[in-house]
Structure formats: structure tokens, C-alpha cells
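# A look at the structure
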Amino acid sequence: MNPAQGPFSVLGVFDTPDALLEAIGKVKGRTGHRLEAYTPYPVHGLDRALGYRKSPIGGMVFVMGLVGALSALVLELWTSGWDYPLVTAGKPVVSWEAFVPILFEITVLFAALTAGLGMLLLLNRLPALRHPMLRSRSMALLTRDRFGLAVESAGEPLDPEALALLLEDAGAAAIEVVERPPAPGPASPKLLAAALGAILLACLAAAGTTYWGIKLFPRLIPMAHMLDQPRLDPQSGSSFFADGSGMRPPVAGTVSQGAPPRPLPNAEASEGLVNPLPGSAAVFRRGRAAYDTHCAVCHGLLGNGEGSLTDAYGARPTHLTAGAGRELSDGAIYHVIVSGKNAMPPYSSDLTEEERWAAVHYVRVLERALDALDTDFQGGAR
Ligand code: HEC
């Protein structure tokens, strides 16, 4: 007999959970086939009686939770520690305390998805839309108040008569032989067309609903009262402070992380300062990052005084790569960064000591870019 044919299982129906448990003890080990129980509610001791191993879901969740935590950590270290280090409120760029909420959320996300999807898809093998046992005539009883013990074929053909006797001996009140469902034939063109049509309709509905939800749905603001609280918005006014502006300049004398407070030399004393950093590619890169982030809005990406803020700013930022700007000594540029000049605010609280000198190097690179050497950006000094 072809194993794919023949009955799928021989089912014994029992009246009480105790009878079922007792029957398992009698039947177990006496057939080479798989035993499976069907009950309307969880029955204590059933898993042990059937010899189920402990579910692997706990281990899966633990491992995936760890993977989630590690991914979140790497993501946060990479984005805020390496790729785009922004100093916020004077804290170090890698402040692990700020990482905790995201770390926690991603860990829970990974763990929860693993628990849900792992259980449904891996362990319960969904989507299994037609289990052979659903064809059983006793299924209605088994979901109400009876308890089923099925000897199921895992490939080898069953011997229905012998198994029926065995189950009867074990106390089954009724026996049913559950046939295997016929193998599904090729889908009819009509069915295919209907399925395609349904998918198309679903896509159209999703697209239409999304468009409606985003573009046409009147904008409802949930919990609008939360918008009405007194707070400081960046770039907007405030009646709280005497000068009417919401954004506060740092307290005078504030220095950036990594920049030890030191008495600032005056402009003349700074003139002769020597850039302590080597003109290496790494330093140029750090300088470009500092310059592009803090200086380019006013002085322009090329240092020509044509930044995106220039028109709105009123004061004319200095052209750094021509004329008098080009004549400034390294120390003079450093001094302007630390102390500001007229309309240019000081950047001592935003740039570390290293970033300041790297920015000075980069201003020089911008100047030399007008008559660049091959050694520039290959780690070569002047
Ligand atoms: C908010 C706009 C703004 C930003 C941002 C800005 N500057 Fe300036 N900068 C100016 C203005 C305006 C001047 C002209 C000041 C003057 O001469 O009155 C100036 C002047 C200068 C000068 C010439 C100083 C002198 O003695 O003539 C240098 C050098 C300079 N800035 C470098 C920088 C560097 C480096 C940065 C980034 C750390 C930076 N600036 C960021 C607006 C800005």
C-alpha cells in the first residue's frame, strides 16, 4: 500500500480526561505510530503522558532577545557615536543611559515577534489550512466535552482493525477511522482568476485607503490639549525670557566636552598659536565634519561666505579662502572659533579642543583646494 494512501488516523473518543490519560498509558509503546490527543481545553499532565519535550520557545525568545539587544546597541553606537556624533546638552556622544529605552524596545520587539511568529509559523506550522483531523466526524465533540486519542500515520500505513481493538481495550467509548483528504488537484482556471481578482481588489483597497488616510482624511489632532502647554520651541519666540527669544545661549564660559576650561587668550596672544594636530587625512576628515556641521551654514561649504544662512543673517560672513580671510594665522582662526567675533557667536561650547584645531586645518584645506596638491587628502602635510 502506498503510505500516502490509507487512513490518516484511528481515533478513540473518551468521556473524561482521566480516561484519556489512562488510555495513553496503555497504548503508548504498543504501536510504532505517532500518538496525538485532541481535547476541548488544556488537560494537565497530557504533555507528560504523551512524552512531549519542553517547548523550545523560551530558548528561541532568549536568543532573539539577545540578538535584538545587540542590534540596538550596535545601531545606537554606530549612529550617535560614530556616523553622526552630535553633542546634546554637553553630554558625551556615547551616553549609555540614553541608549536604554531603545535597547529595551528593540529587545522586546525581537523577543515578542519571535514568540508570536515562532510559535505560530515554526512550532504550530501555520498556515496549515486543512489538517486531516478536521474531517473527523467526532471533531465537534472533541471541541465540546469529549477527549480524543488518535494514532496517526507519520508515513507508514496503519492497521485500522488492530488499532481499533487496542483503543477499545484502553477504554475508548467510540472509535473512528479518519481518512486522508484527497490530494488537491490542479487549480481550475476559474479559481485562479478569482484568486488573482481578489488579490488585485485587496491591493486597490489598500492603496485607496492609504491615499485617503494620508491625503484626504481630515487632520484630527489627538489630545490637542497637550499642544497647549507652555514650552520653548527652537527658533521661536517666548514671552518667558526678557529678551523674547526661546533658544538660550549657553552660559558664558561654557566649554564643550573634552575641552578643559582654560583662560582664553586674547586675539593678539592667539595670533602665534601653532596648530597642535598633524595635517593627516584623519584630521582633515574630522575637520570637515566639524566645519560642515557648524560653520558651513554661514561661511558656505567652500568657505566663500555663501552659506545657506548668509542671506537671512544680515551680517556678511567672512570669505575664508580669499583676501583678508586667507591672511589669517591658524591661531587667529582658532581664536575666532573659541571667542566669536561681532555677529559670529563663539563655538567653544560646541567644538572640542581637537575639533577646533581640526576645523582650522580644514579651513586651510579649503584655501589650498583652490590650488590643490596631490598630497591633500592622502594624508600628506603641506
Ligand atoms: C552664524 C553664522 C556663522 C557661523 C556658524 C560661523 N561664522 Fe565665522 N563669521 C561669521 C561672521 C558674520 C563673520 C564676520 C565677523 C566680523 O568680521 O564682523 C565671521 C568671521 C569669521 C572669521 C574671520 C575672523 C576675522 O578675524 O576676520 C573666521 C576665521 C571664521 N568666521 C571662522 C569660522 C569657523 C571656523 C566657524 C565654524 C566653527 C564659523 N566661523 C562659524 C559668521 C559665522
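About the criteria used
- Residues numbered from 1 in each chain as written.
- Predicted model: local features only at pLDDT ≥ 70, side-chain atom pairs only at ≥ 80, totals over all residues.
- Heavy atoms only, no water.
- Helix = DSSP H or I, 4+ residues; strand = E, 2+ residues; numbered from the N terminus.
- Rg over C-alpha atoms; globule rule 2.2 N^0.38 Å.
- Buried < 20%, exposed > 50% of the residue type's maximum accessible area, 1.4 Å probe, protein only.
- Contact = heavy atoms within 4.5 Å.
- Lys, Arg positive; Asp, Glu negative; His and termini not counted.
- Charge placed at Lys NZ, Arg CZ, Asp CG, Glu CD.
- Pairing = 2+ DSSP bridges.
- Axes fitted to C-alpha atoms, helices over the stretch in contact; angles between N-to-C directions.
- Parallel < 35°, antiparallel > 145°, perpendicular 65-115°, else oblique.
- Nonpolar A, V, L, I, M, F, W, Y, C, P; charged D, E, K, R; others polar.
- Near = heavy atom within 4 Å.
- Polar contact = N/O pair within 3.5 Å; in protein donor to acceptor, adjacent residues only side chain to side chain.
- Expected span 1.5 Å × (residues − 1).
- Domains from an automatic or database assignment.

Time to look at the overall build of the protein. Assigned secondary structure in the protein consists of 14 helices and four strands. The C-alpha atoms of the protein give a radius of gyration of 37 Å, which is well past the 21 Å a tight globule of 382 residues would have. In terms of its C-alpha atoms, the protein occupies a principal-axis envelope of roughly 110 × 50 × 45 Å. Across the 382 residues of the protein, 29% fall into the buried class. Pairs at least 24 residues apart make up 69% of the contacts formed inside the protein by residues separated by at least 6 positions. Taken together, the 31 basic and 36 acidic charged side chains of the protein have centroids lying 4 Å from each other.

In a beta sheet, neighbouring strands are held together by backbone hydrogen bonds and run either parallel or antiparallel to one another. Spatial ordering of the open sheet is given by β2-β3-β1-β4, a layout of four strands whose pairing is antiparallel. On the outer flanks of this sheet lie β2 (34–38) and β4 (174–179), each paired with one strand and no other. Between one strand and the next, the sheet's axes are offset by a mean angle of 25°, whatever the strand orientation. Here strand β1 (residues 7–14) runs beside strand β3 (residues 147–152); their pairing, made up of six bridges, is antiparallel. Opposite Gly-12, over in β3, you have Leu-149 as the bridge partner. Helix-sheet contacts for helix α1 (residues 17–27) involve β1, β2 and β3, and the interaxial angle to β3 is about 20°. The strands touched by helix α6 (residues 160–169) are β1, β3 and β4; relative to β1, the strand with the most contacts, the crossing angle is about 15°.

Right, let's get into the packing of helix α9 (residues 281–294) against helix α14 (residues 353–369). Axis angle and axis distance: for two packed helices, these are the angle between their axes and the distance between the axes, and together they describe the pair. In the contact formed by α9 and α14, the axes pass within 7 Å of each other and the chain directions differ by 95°. If you check the angle between α9 and α14, you find them roughly perpendicular. Residues Val-283, Phe-284, Arg-286, Gly-287, Arg-288, Ala-290, Tyr-291 and Asp-292 of α9 pack against Glu-354, Glu-355, Ala-358, Ala-359, His-361, Tyr-362, Val-363, Val-365, Leu-366 and Arg-368 of α14. In terms of residue class, the contact of α9 with α14 is built from ten nonpolar, two polar and six charged.

Here we take up unusual backbone geometry. A positive phi angle, close to 55°, is found at Arg-125, a residue other than glycine. Mapped onto the fold, Arg-125 is located in the loop between α4 (96–123) and α5 (139–142). Positive phi, normally seen in glycine, also occurs at Asn-342, with a value near 45°. Along the chain, the position of Asn-342 falls in the loop between α13 (330–339) and α14.

Moving on, we come to the site of the ligand. Every one of the 19 residues lining the ligand counts as a neighbour, but Cys-295, Cys-298, His-299, Met-344 and Tyr-347 are closest to it. Contacts to the ligand include Lys-341, whose side-chain N or O atom sits 3.2 Å from an oxygen atom. Asn-342 has a polar side-chain atom sitting 2.8 Å from an oxygen atom of the ligand. At three residues, α13 tops the list of elements feeding residues into the shell around the ligand.

As a further point, take the pairing of β3. Both faces of the sheet carry side chains from a regular strand, because those side chains alternate between them. Burial of β3 is extensive: six of the six residues sit out of reach of the surface. Both faces of β3 are covered, namely the face carrying Phe-147, Leu-149 and Val-151 and the face carrying Gly-148, Ala-150 and Glu-152. Here β2 runs beside β3; their pairing, made up of five bridges, is antiparallel. Residue Leu-35 lies in a different strand from β3, and its bridge partner there is Val-151.

Attention now moves to α9. Compared with an ideal rise of 1.5 Å per residue, which puts 14 residues at 20 Å, α9 spans 20 Å between its outermost C-alpha atoms and is within 8% of the ideal. Residues Ala-281, Val-283, Phe-284, Gly-287, Ala-290, Tyr-291 and His-294 constitute the buried set of α9. Those residues of α9 that are buried lie in contact with α10 (296–299) and α14.

With respect to the helices and strands, Ile-24 occurs in helix α1. Overall, Ile-24 belongs to the buried group, its relative accessible area being 1%. Considered as a pair, Ile-24 and Glu-36 are twelve residues apart in the sequence and their alpha carbons are 9.4 Å apart. Residue contacts for Ile-24: discarding those within four places in its chain leaves Leu-46, Ala-49, Leu-50 and Leu-149.

Across its 27 residues, helix α3 (residues 57–83) extends 36 Å between first and last C-alpha, which sits within 8% of the 39 Å expected from 1.5 Å per residue. Buried residues belonging to α3 abut α4.

When the domains of the protein are assigned, the result is domain 1 (1–181) and domain 2 (267–369). Averaged C-alpha coordinates put domain 1 and domain 2 at centres separated by 64 Å.

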